[in-house]
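The primary structure of each chain is shown beneath.
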Amino acid sequence: MAGLDWTYGVSTLRQWESADYEPSLPVSEKSNPLTCDIDRASAYSIVKMLQVCDSQMFQKEAGTTYQRLLSDQVLKTLMEVAKRVEVIIKDPQESCVVMSGCGTSGRLAFLISSGFNKALSQLNQSEVYSYIIAGGDRALLSSQEAPEDDPRLGVLSLKKVCEGKKRVLFIGISCGLSAPFVAGQLDFCLQHPEVYTPVLVGFNPAHQARDEPIQDCTFTFHSVVQRMQELAKSQKAFLINPAVGPEAISGSSRMKGGSATKILLEVAFSAAHAATSSNTPITHNGVLQHMMEYERTLAVTYSQPDGITTLVEAAGESLRCSRHVYYLGWGSLALLGLIDASECSPTFGADYEDVRGFIRGGYRELNNNDGPLTSLGPKFSIAHEDFLHLILPCLTDKDTVLLIYTHSDDATEVGNMARRVREKTPNLHAVYHQADGDTAASLQQDNIKKLCLSTLKITWPQEALVSGTLQHMRELSTKLVLNAVSTGAHVLKGKIYQNHMIDLQVTNTKLYRRATRLLQKLSTCPEEKCEEALLKAIYRVDMLTLEMTSSDITTHTCFARNSTKVVPLALVILLTGWSLVEAESHLKQQPIVREAVAQWMW
Ligand code: F6P
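Residues numbered from 1 in each chain as written. Predicted model: local features only at pLDDT ≥ 70, side-chain atom pairs only at ≥ 80, totals over all residues. Heavy atoms only, no water.

- An unreviewed UniProt entry lists the protein chain under the name Glucokinase regulator, from Maylandia zebra.

Here is the structure:
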């Protein structure tokens, strides 16, 4: 990999756009040609691959198939949505903005609503933003995939949040235009246009929306999108669905999908806030310029590939020797740590202890709808104090600890934490954001730096401070770095095959379909055989009973919640013809899936 050329030709960067590239898959499920060898890459190469992949978000539109982030139509729709938000901010009593999504999409709905509500409070204005996440608040910190399949649950939670409101701007986020939970909510909005204006945010063109029947429903995601397209002509519904290119790890919409969600909604809401406070109109150019600040954020962040590589290597080494990675953050950047950590178990089949996030102030700072969730179990202990009581005593130099903070956080406090960690392990690192020319905090910062093995210092231009976008830039930048750290570390641990998450949890219909497709691709066996192997691995039997084969996918995915290594096991069964017990013991001896599989593929 050493000689890998990062100046990809345009044809490689745009290969995924070709009509004959994985034609049966929507963009959000395609595999990215740029990362097909990521499983064999060095830490540095992984970081560079992620950089190029992320840069695809801002590629210009070419042809008519795919709208892009900077496409005229996208900017125009953002302006219209911003105008609706402006009206709501001015009349907060009877109206609100509700964002809803599953997994990362719901977590970002939470992050964004918290940030913009805070901004309104600081101006003594009423808060207007609410969030919904499938599975409730526990899904902010843990994987709850089954509720994603339940449209009725979506409607119930929407009704609850909107009780008494006369005007609701509902923003349904589903990166793959696929979650039944969100489809149910959009359908409900379409049935009640006197109150609800639906907005859909996702990253596939409309015709690629999922068309699979939803249990007990007359609509599919695709049919809901078609109805919205019709209403969009008279601006009674809005679709914001640019393509951002396939994810670096196939289907991992927490990455570009999550980043683009954050960018789009922040641009729209910031435009609305600016218009309200300055009484000036929302302009196309204003929205475009704001969008381009995010493009610069990518450039600023990835201008330090060596610093990010060091973090990926450290985290990878910890995971490789079955130790842990801890993010200790301050303010909203800590929230990005919590989010990134919580995504590791559904994405990589990781244990919740592998990568964990902690936030200064715990649930007080989080300020989520349901308040403290600590009683739900150890994975819901998220305060720095919890880290000090539960983790610090057992910390070793094989664990990686990452401090995430900015120049406006309390440096004394950061320093104290650094010292406490340093007494247990030298494997302490920092991601530190400062503003250009900021020297005031430099002495304390120097002391913290001395305690850390590495510091990734990200410096933001003063203009960002003035334009008020600094917080959003720092957040996106932190998201990119942490996504790189957790993805890179799991790649180095051997959790990825080519650019697929092979050890994915099969806990909802989308993931069940993805798992079957993956088995087909890797084993080249027919679909039926792959599904059979998948069921054997889920139910842990060699002979499937009639009851098992005749059950629906929901039953399979419910059962799969308690099964581990389902897809790797199914793959070994398919490739070797071994019994379940033989395949299980083989995987026990060779837990690195890439290698377990490689033995049988060549
Ligand atoms: O099914 C789980 C999951 O893939 C999460 O990893 C992801 O964040 C979530 O679904 C949301 O997907 P989408 O935004 O496409 O609905």
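1. Concerning the domain arrangement of the protein chain
Okay, step 1: Taken domain by domain, the protein chain comprises domain 1 (72–298), domain 2 (304–490) and domain 3 (502–597).
Okay, step 2: The distance between the C-alpha centroids of domain 1 and domain 2 comes to 28 Å.
Okay, step 3: With 29 residues of domain 1 in contact, the opposing surface of domain 2 contributes 38 residues.
Okay, step 4: Summed over both sides, the interface between domain 1 and domain 2 buries roughly 2800 Å², with carbon and sulfur atoms accounting for 65% of that surface.
Okay, step 5: Counting the contacts that link domain 1 with domain 2 gives four salt bridges.
Okay, step 6: For lysine 118, the salt bridge goes to glutamate 365, with nearest N and O atoms at 3.9 Å.
Okay, step 7: For the pair domain 1 and domain 2, the number of links is 14 residue pairs in polar contact (both at pLDDT 80 or more).
Okay, step 8: Mapped onto the side of domain 1 that touches domain 2, the elements with two or more residues apiece are helix 4 (104–122), helix 5 (138–141), helix 9 (256–278) and helix 10 (284–302).
Okay, step 9: Here the side of domain 1 that touches domain 2 is built from residues that sort into 11 nonpolar, nine polar and nine charged. (Domains from an automatic or database assignment. Contact = heavy atoms within 4.5 Å. Buried area = accessible area lost by both parts, 1.4 Å probe. Salt bridge = Lys/Arg side-chain N within 4 Å of Asp/Glu carboxyl O. Polar contact = N/O pair within 3.5 Å; in protein donor to acceptor, adjacent residues only side chain to side chain. Helix = DSSP H or I, 4+ residues; strand = E, 2+ residues; numbered from the N terminus. Nonpolar A, V, L, I, M, F, W, Y, C, P; charged D, E, K, R; others polar.)

2. Let's talk about helix 23 (residues 553–560)
Okay, step 1: Three or more residues of helix 23 are buried, namely Ile553, His556, Thr557 and Ala560. Along the axis of helix 23, the buried positions cluster into a sector of 95°, meaning they face one direction only.
Okay, step 2: Buried residues in helix 23 make contact with helix 20 (509–523), helix 21 (527–539) and helix 22 (546–550). (Buried < 20%, exposed > 50% of the residue type's maximum accessible area, 1.4 Å probe, protein only. Arc of directions from axis to C-beta.)

3. Thoughts on the UniProt feature "domain: SIS" (unreviewed entry) in the protein chain
Okay, step 1: This chain's UniProt record puts "domain: SIS" (unreviewed entry) on residues 85–278 and 315–495.
Okay, step 2: Annotated as residues 85–278, this span is 45% helix and 14% strand, and its ends, taken at the C-alpha atoms, are 15 Å apart. (UniProt positions renumbered as here; feature names shortened; annotations may be inferred.)

4. Thoughts on the site of the ligand
Okay, step 1: Taken together, 15 residues sit near the ligand, with Ser105, Glu148, Ser174, Cys175 and Gly176 positioned nearest.
Okay, step 2: At 2.8 Å from an oxygen atom of the ligand is found a main-chain nitrogen or oxygen belonging to threonine 104.
Okay, step 3: Here an oxygen atom of the ligand and a side-chain polar atom of serine 105 are 2.7 Å apart.
Okay, step 4: Look at the ligand: alone it shows 400 Å² of surface, and the protein chains cover 93% of it.
Okay, step 5: Elements with a minimum of two residues in the shell around the ligand: helix 4 and helix 20.
Okay, step 6: Looking at side-chain class alone, the shell around the ligand contains four nonpolar, eight polar and three charged residues.
Okay, step 7: Looking at the shell around the ligand, you find at least three residues from each of domain 1 (72–298) and domain 3 (502–597). (Near = heavy atom within 4 Å. Areas by Shrake-Rupley, 256 points an atom, 1.4 Å probe, with all protein chains shown as cover.)

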